[in-house]
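# Structural description and commentary
Okay, here's what each chain looks like letter by letter:
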Amino acid sequence: MWNQDQLARTLDFAAKAHGDQRVPGSGAPYVVHLVKVATEVLRAFAETRDFDVDLAVTCALLHDSVEDAGVAPEVLAKEFGVAVAAGVSALTKDDALEKPLRMADSLKRLAVQPREVQLVKLADRVTNLEPPPPHWTRARRLAYRDEARLILDALGAAHGPLARRLGERIEAYQRFFDDVR
Ligand code: NI
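Keep in mind the model is a prediction, meaning the values are calculated, not measured. (Residues numbered from 1 in each chain as written. Predicted model: local features only at pLDDT ≥ 70, side-chain atom pairs only at ≥ 80, totals over all residues. Heavy atoms only, no water.)

Right, let's talk about the packing of aromatic side chains for a bit. Summed over the entire model, instances satisfying the criterion amount to six aromatic pairs. Their ring planes at 75° and their centres at 5.3 Å tell us that Phe45 and Phe51 sit as a pair that is edge-to-face. The exposure class assigned to Phe45 is buried, which follows from its relative accessible area of 6%. Connected via pairs of aromatic rings, a cluster forms that spans Trp136, Tyr144, Tyr173, Phe176 and Phe177. The aromatic ring of Tyr144 is capped on one face by Arg125, whose charged end is 4.1 Å from the ring centroid. (Phe/Tyr/Trp six-rings, centres within 6.5 Å; stacked < 30°, edge-to-face > 60°. Buried < 20%, exposed > 50% of the residue type's maximum accessible area, 1.4 Å probe, protein only. Lys NZ or Arg CZ within 6 Å of the ring centre and 35° of its normal.)

What follows deals with the coordination of the nickel ion. Around the nickel ion, the protein contributes the donor atoms His33 (NE2), His63 (NE2), Asp64 (OD) and Asp124 (OD), which lie 2.1 to 2.8 Å from the metal centre. By relative accessible area, His63 is classed as buried at 2%. (Donors = N, O, S within 2.8 Å, 3.2 Å for Na, K, Ca; no water.)

With that settled, consider unusual backbone geometry. Despite not being glycine, Arg49 shows a phi value in the positive range, around 45°. Along the chain, Arg49 turns up in the loop between α2 (30-48) and α3 (53-62). What makes Arg49 exposed here is its relative accessible area of 53%. (Helix = DSSP H or I, 4+ residues; strand = E, 2+ residues; numbered from the N terminus.)

Locating Glu116 in the fold gives a position in helix α7 (residues 115-128). Salt bridges are absent for the buried Glu116, whose nearest opposite-charge side chain, Arg115, sits at 5.5 Å. Within the structure, Glu116 has its side chain in polar contact with the backbone nitrogen of Asp52 (distance 2.8 Å). In this structure, Glu116 is in contact with Phe51, Asp52, Leu55 and Ala56, ignoring residues within four places of it in sequence. (Lys, Arg positive; Asp, Glu negative; His and termini not counted. Salt bridge = Lys/Arg side-chain N within 4 Å of Asp/Glu carboxyl O. Polar contact = N/O pair within 3.5 Å; in protein donor to acceptor, adjacent residues only side chain to side chain. Contact = heavy atoms within 4.5 Å.)

Moving on, we come to the packing of α2 against helix α9 (residues 160-173). Running from N to C, α2 and α9 point in directions that differ by 130°, and their axes come no closer than 8 Å. Relative to α9, the element α2 is oriented oblique. Counting all contacts with α2, which are made through Glu40, Arg43, Ala44, Glu47 and Thr48, the residues of α9 involved are Pro161, Leu162 and Arg165. For the contact of α2 with α9, the residue count by class is three nonpolar, one polar and four charged. (Axes fitted to C-alpha atoms, helices over the stretch in contact; angles between N-to-C directions. Parallel < 35°, antiparallel > 145°, perpendicular 65-115°, else oblique. Nonpolar A, V, L, I, M, F, W, Y, C, P; charged D, E, K, R; others polar.)

Before going further, it helps to spend a moment on the environment of Ala85. Structurally, Ala85 is set in helix α5 (residues 82-90). Placed 12 residues apart in sequence, Ala85 and Pro73 show a C-alpha to C-alpha distance of 5.4 Å. With sequence-adjacent residues up to four places away left out, Ala85 is seen in contact with Pro73, Leu76 and Ala77.

All right, on to the pattern of salt bridges then. In this structure the tally under the stated criterion is 10 salt bridges. Glu130 serves as the salt-bridge partner of Lys36, at 3.0 Å between the closest nitrogen and oxygen. Of this pair, Lys36 sits in helix α2 while Glu130 sits in the loop between α7 and α8 (138-155); the two residues are 94 residues apart in sequence, bridging distant segments of the chain. On the basis of relative accessible area, Lys36 is assigned to the partly exposed category, the value being 35%. Two residues, Glu147 and Arg125, come together in a salt bridge whose shortest N-O distance is 2.6 Å. One end of the pair, Glu147, is in helix α8; the other, Arg125, is in helix α7, with 22 residues separating them in the sequence. The network of salt bridges with shared partners includes Arg145, Asp146 and Arg149.

Encoded structure:
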């Protein structure tokens, strides 16, 4: 079972860190995205019960806190410990790199993280393979799908059921190409 108090404390921290930020495309408060990713992790844990669920859920709730909310990894280390800070750092794209290089770089850093951190990336992309914003071109949708395949190839071994779920979502994403130029 997971630590309910730790989960609530992390959610409080993440909600405050992201403040008024909204989920791109939907307008929902950002915390909705974070809870969706955490829920994917809990669902994965319910299936296998073979990983440190508190580490994984904490990283899920904080996975965008450095990249999108400007929280310093040192603050995460102090509040949540070094494993969480290292995990969230690996889940953070390096904006000093050119955009096309950022995902491969993050995946390389994730490859040496524990599977609890790796599976957060799978859960994040499962969550993000929702209907794309209407203004996305066919090329952009294809690129997003291909990037999801890259994530699955790199990190799928972290959790079988979650990898299968991501594979199904990638297949289903196909329907968003059909009528688009
Ligand atoms: Ni995310």
